[in-house]
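An overview of the molecular structure
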Amino acid sequence: MTIADDERELFRAEIGSVRRVRSERDRSRPDAPRPVPAQRRRDELAVIDELATAPVDFSQVETGEEISYLRPGLQRRLLTRLRRGHWRVQDELDLHQMNVAAASQSMRLFLDHARRSGLSCVKIIHGKGLRSGPDGPQLKRLAAGLLARHSAVCAFASAPPKDGGTGAVYILLDH
C-alpha cells in the first residue's frame, strides 16, 4: 500500500458507509425568461430624442405654412392622395398642452403603437403655434423632424382644413 492508499482507507473508515442521494428536484420547470436589455433601450431612446431635436435636413421635408414629406423612392402621387384625405384616419394624437419633451415621447409611443396595431393612416394634431412666441411653432417643427426620421413613416402632409389644416398632419405608415 502506498501513502495515498493509506489516506484513502483512513478517510473511508472515518466517513463510514455512503449511499447515493436521489434528487427530488422538479426539473420540468421552464427556463428563466431572457433578460431585458434596459440600458440598451434607454440608449436608443436617448438617440431618438437627440435626433428629434437636432437640426433637420429639410431637403426631404417641405416646410412653410404646410409641411409634408415623402420617403425617397415613393411616387409623388402618394403624397397628393394623402393631402386629399384618400386614407381613413384610424387613430389620432393631440399634442396641445404638451411641452417639447412630452410631445416627443408621446409621438414615438403613438407611432410604435400604431405600427404594432397595423394601422395605415394616423393623424397628429400639433397645433399652429400661434402662441409660441418668437421661436415659432415648436411642436410643428418637432413633429416634422421626428416624423421624417421615423422608420415607420412613408409620408406625411398637413391635413385638409376640415381636419385641422396646418395645425395637424396626416401620416401614412408602412408595415
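Please refer to the structure placed before this passage.
So, here's what we can say about the structure. (Residues numbered from 1 in each chain as written. Predicted model: local features only at pLDDT ≥ 70, side-chain atom pairs only at ≥ 80, totals over all residues. Heavy atoms only, no water.)

Okay, the pattern of salt bridges next. If the charged atoms of two oppositely charged side chains come close together, the side chains can form a pair. Under the counting rule described, the total for this entry stands at five salt bridges. A salt bridge links Glu-92 to Lys-123, with the shortest nitrogen-to-oxygen separation between them at 3.4 Å. Residue Glu-92 is found in strand E3 (residues 91–94), and its partner Lys-123 is found in strand E4 (residues 121–125); the two are separated by 31 residues along the sequence. Exposure remark for Glu-92: the relative accessible area of 44% places this residue in the partly exposed category. (Salt bridge = Lys/Arg side-chain N within 4 Å of Asp/Glu carboxyl O. Helix = DSSP H or I, 4+ residues; strand = E, 2+ residues; numbered from the N terminus. Buried < 20%, exposed > 50% of the residue type's maximum accessible area, 1.4 Å probe, protein only.)

In this section: helix H5 (residues 138–149). In a regular helix each residue adds 1.5 Å, so 12 residues correspond to 16 Å; H5 covers 17 Å between its end C-alpha atoms and thus fits that length. The element H5 is largely enclosed, with a buried count of nine among its 12 residues. Listed as buried for H5 are Leu-139, Lys-140, Leu-142, Ala-143, Ala-144, Gly-145, Leu-146, Leu-147 and Ala-148. (Expected span 1.5 Å × (residues − 1).)

Before going further, it helps to examine unusual backbone geometry. If a residue is not glycine, its phi is most likely negative; likewise, a peptide bond is most likely trans. The backbone of Gln-97 shows a phi angle near 70 degrees, a positive value even though the residue is not glycine. You can see Gln-97 is positioned in the loop between E3 and helix H4 (100–116).

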